[in-house]
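Listed below, chain by chain, are the residues.
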Amino acid sequence: NAGVTQTPKFQVLKTGQSMTLQCAQDMNHNSMYWYRQDPGMGLRLIYYSASEGTTDKGEVPNGYNVSRLNKREFSLRLESAAPSQTSVYFCASTSLTGAGTDTQYFGPGTRLTVL
Amino acid sequence: GNSVTQMEGPVTLSEEAFLTINCTYTATGYPSLFWYVQYPGEGLQLLLKATKADDKGSNKGFEATYRKETTSFHLEKGSVQVSDSAVYFCALTLNTGNQFYFGTGTSLTVIP
């Protein structure tokens, strides 16, 4: 099992450029998440997908779009990158059985710099 | 609402010192509680968890007890090692919800 994989690992963009961050999990989890991590801010939820075919906004969705392509894959798109989107982006997944014992599994992160 | 508050860092300790990182929570329902650890340049990974009051989660010498009366889940380790240097996140999730709520993280540096 690879767990949660993310591509790319590093990316530098110019203001106004677009890009898509890819995430895939091989644990048959139904829920997937995108977070950003900024110094002193901890993890902030951008979007999540509780199940295939559904997506919901998190705490900081502005400037982002997501696609739950299938059960395995959940992508994050920046349509017009801004310097404020410079951050480390983490994808996560969980089985979310509702039993309260669910654990989130994280990818290694994408380090994005917007100039 | 739901939130997690953990002690500000950074924390610097000498090897073999005792570690406590405080974590308190507010929740609209009945939460499960987690500690995650993030080593430099990596994603978060689960350290331990507890799903009901008075449960003690433990792993790699770390422990935390779910205290409903004080809404706390403090992380402790009796003797830290240099390899424990990392950022530690407290988190909760509700049985009825889809989201996880994370604290802001506490950076720990252990010096030889």
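Residues numbered from 1 in each chain as written. Chains lettered and ligands numbered in written order. Predicted model: local features only at pLDDT ≥ 70, side-chain atom pairs only at ≥ 80, totals over all residues. Heavy atoms only, no water.

Draft legend 1. Representation of the overall build of chain B within the structure. Within chain B, the regular secondary structure consists of zero helices and 12 strands. The secondary structure elements of chain B, listed N-terminal to C-terminal, are β-β-β-β-β-β-β-β-β-β-β-β. Here chain B has a C-alpha radius of gyration of 13 Å; the compact-globule value for 112 residues is 13 Å, and the two agree. When burial is assessed residue by residue, chain B has 44% of its 112 residues classed as buried. Put simply, of all contacts in chain B between residues at least 6 apart along the chain, 56% involve residues at least 24 apart. A total of about 5,100 Å² of accessible surface is found on chain B, and carbon and sulfur atoms cover 48% of it. For chain B, the separation between the mean place of its 7 positive charges and that of its 10 negative charges on side chains is 9 Å. (Helix = DSSP H or I, 4+ residues; strand = E, 2+ residues; numbered from the N terminus. Rg over C-alpha atoms; globule rule 2.2 N^0.38 Å. Buried < 20%, exposed > 50% of the residue type's maximum accessible area, 1.4 Å probe, protein only. Contact = heavy atoms within 4.5 Å. Areas by Shrake-Rupley, 256 points an atom, 1.4 Å probe, with all protein chains shown as cover. Lys, Arg positive; Asp, Glu negative; His and termini not counted. Charge placed at Lys NZ, Arg CZ, Asp CG, Glu CD.)

Draft legend 2. Structural detail: the pairing of strand β3 (residues 19–25) of chain A. All names here are of chain A. Within β3, five of the seven residues are buried, which leaves it mostly tucked inside the rest of the structure. Across four bridges, the pairing between strand β1 (residues 4–7) and β3 is antiparallel. Counterpart to T7 in the pairing with β3 is Q22. (Pairing = 2+ DSSP bridges.)

Draft legend 3. Region of interest: the pattern of salt bridges. For the structure on display, the rule yields six salt bridges over all chains. Two residues, K56(B) and E63(B), come together in a salt bridge whose shortest N-O distance is 3.6 Å. Judged by relative accessible area, K56(B) falls into the exposed class, the value being 52%. Taking the shortest distance from any N to any O, the salt bridge between D84(B) and K77(B) comes out at 2.7 Å. Look at D84(B) and you get buried, because its relative accessible area is 6%. Residue K77(B) is classed as buried on the basis of its relative accessible area of 9%. Through salt bridges with shared partners, a single network forms among R36(A), D38(A) and R44(A). (Salt bridge = Lys/Arg side-chain N within 4 Å of Asp/Glu carboxyl O.)

Draft legend 4. Examining the sheet that holds strand β7 (residues 56–59) of chain B more closely. Residues and elements named next belong to chain B. Read from one edge to the other, the open sheet built from four strands follows the order β3-β9-β8-β7, with strand pairing classed as antiparallel. At either end of the open sheet lies a strand with only one pairing partner, and these are β3 (19–21) and β7. Going across the sheet, the axis of each strand differs from the next one's by a mean of 15°, ignoring polarity. Where β7 meets strand β8 (residues 62–65), four bridges bridge the pair, whose relative direction is antiparallel. What sits directly across from G57, in β8, is A64. (Axes fitted to C-alpha atoms, helices over the stretch in contact; angles between N-to-C directions.)

Draft legend 5. Fine view of the packing of aromatic side chains. In this structure the tally under the stated criterion is 14 aromatic pairs over all chains. Each ring, one from F106(A) and one from F102(B), has its centre 5.9 Å from the other, and the planes form 80°; the classification is edge-to-face. Separated into two different chains, F106(A) in strand β10 (residues 105–106) and F102(B) in strand β11 (residues 100–102) make up a pair that spans both. F106(A) sits in the buried class, given a relative accessible area of 10%. Overall, the relative accessible area of 11% leaves F102(B) in the buried class. Considering the side-chain rings of Y30(B) and Y66(B), the 6.2 Å spacing of their centres and the 25° angle between planes classify their relative orientation as stacked. Within this pair, whereas Y30(B) is found in the loop between β4 (23–26) and β5 (31–38), its partner Y66(B) is found in the loop between β8 and β9 (75–77), the two being separated by 36 residues in sequence. For Y30(B), a relative accessible area of 35% puts it in the partly exposed group. The buried category is assigned to Y66(B), whose relative accessible area is 1%. Following the ring pairs from residue to residue traces out a cluster consisting of Y33(A), Y35(A), Y48(A), F106(A), F34(B), Y36(B), F100(B) and F102(B). (Phe/Tyr/Trp six-rings, centres within 6.5 Å; stacked < 30°, edge-to-face > 60°.)

Scope: geometric values only; no functional claims are made or implied.
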